[in-house]
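Working through the structure, step by step
In case you want the letters, here they are:
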Amino acid sequence: MPDEIKPNPSQAPTHDAQLAADNIASGEEKTPSVDIEADYQAAQRLSVSEIDRTGEGAKAAQEATAPKQEVHEPQQTKTEAPPTGNPDDYLNMAKDVAGSRNEGATNVTNDLIEKALEKGQPKK
């Protein structure tokens, strides 16, 4: 069932819309009618393309979204650390970890802290 539009020139967002509303109000132009149900049904028909109504649509979508390069399956690798029962292995590992205390920023001395505190003080 068509709905009738009653334009209000004072609420028109653009100059063209205001002119159209004035012309409709004066009777120079015919008032447009809107059939929402018919528009909805037409939109439903247009929302599905012809190719999607056949089996070709799914095939075309698959081809359009297929990867361009060959993707290999990842290979599983298994890492095992068998227990040796040798305490020397543990001591060597502990020495390697303890050696990191002498590297980089982990070597903090009292002198370094004093310098940082001095630099953090405001100038007089």
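Counting starts from 1 at the beginning of each chain's written sequence and moves along it residue by residue. For this predicted model, a pLDDT threshold of at least 70 governs which residues receive local features, and a threshold of 80 or more governs which side-chain atom pairs are given and counted, while totals over whole chains, interfaces and linings are taken from all residues. Based on all heavy atoms of the structure, the side-chain values leave hydrogens and waters out of the count.

So, the overall build of the protein
Let me state the cut-off plainly: Each helix corresponds to a stretch of at least 4 residues labelled H or I by DSSP, and each strand to a stretch of at least 2 residues labelled E; elements are numbered beginning at the N terminus. For every residue, the accessible area (1.4 Å probe, protein chains only) is compared with the maximum for its type, and the residue is labelled buried under 20%, exposed over 50%, or partly exposed between those bounds. Residues are treated as being in contact if the distance between any of their heavy atoms lies within 4.5 Å.
Helix and strand counts for the protein come out as 5 helices and 2 strands. Going residue by residue from the N terminus, the α and β elements of the protein occur as β-α-β-α-α-α-α. Each of the 124 residues in the protein was classed as buried or not, and the buried ones make up 2%. Pairs at least 24 apart in sequence give 47% of the contacts found in the protein among residues at least 6 apart.

Some thoughts on the confidence of the model for the protein
Here is the rule we go by: Values of pLDDT, which run from 0 to 100, indicate the predictor's confidence residue by residue.
For the protein, per-residue confidence averages 79 on the pLDDT scale, and residues scoring 70 or more make up 85% of the total. Averaged over each element, pLDDT in the protein is lowest for strand 1 (residues 3-4) (68) and highest for helix 2 (residues 36-46) (88).

Overview of a nonpolar patch on the surface
We count it as follows: Each patch is built from residues lacking any salt bridge and having more than 30% relative accessible area; the joining distance is 9 Å for like charges and 5 Å for nonpolar side chains (Val, Leu, Ile, Met, Phe, Trp, Tyr). For accessible areas, the Shrake-Rupley method is used with a probe of radius 1.4 Å. Any residue's cover is judged against the shown protein chains and nothing else. Here, a salt bridge means any side-chain nitrogen of Lys or Arg that lies within 4 Å of a carboxyl oxygen of Asp or Glu.
Side chains of Tyr90, Leu91, Met93 and Val97 sit close together on the surface and give an oily, nonpolar patch of about 440 Å² of accessible area. With respect to the helices and strands, Tyr90 occurs in helix 4 (residues 87-98).

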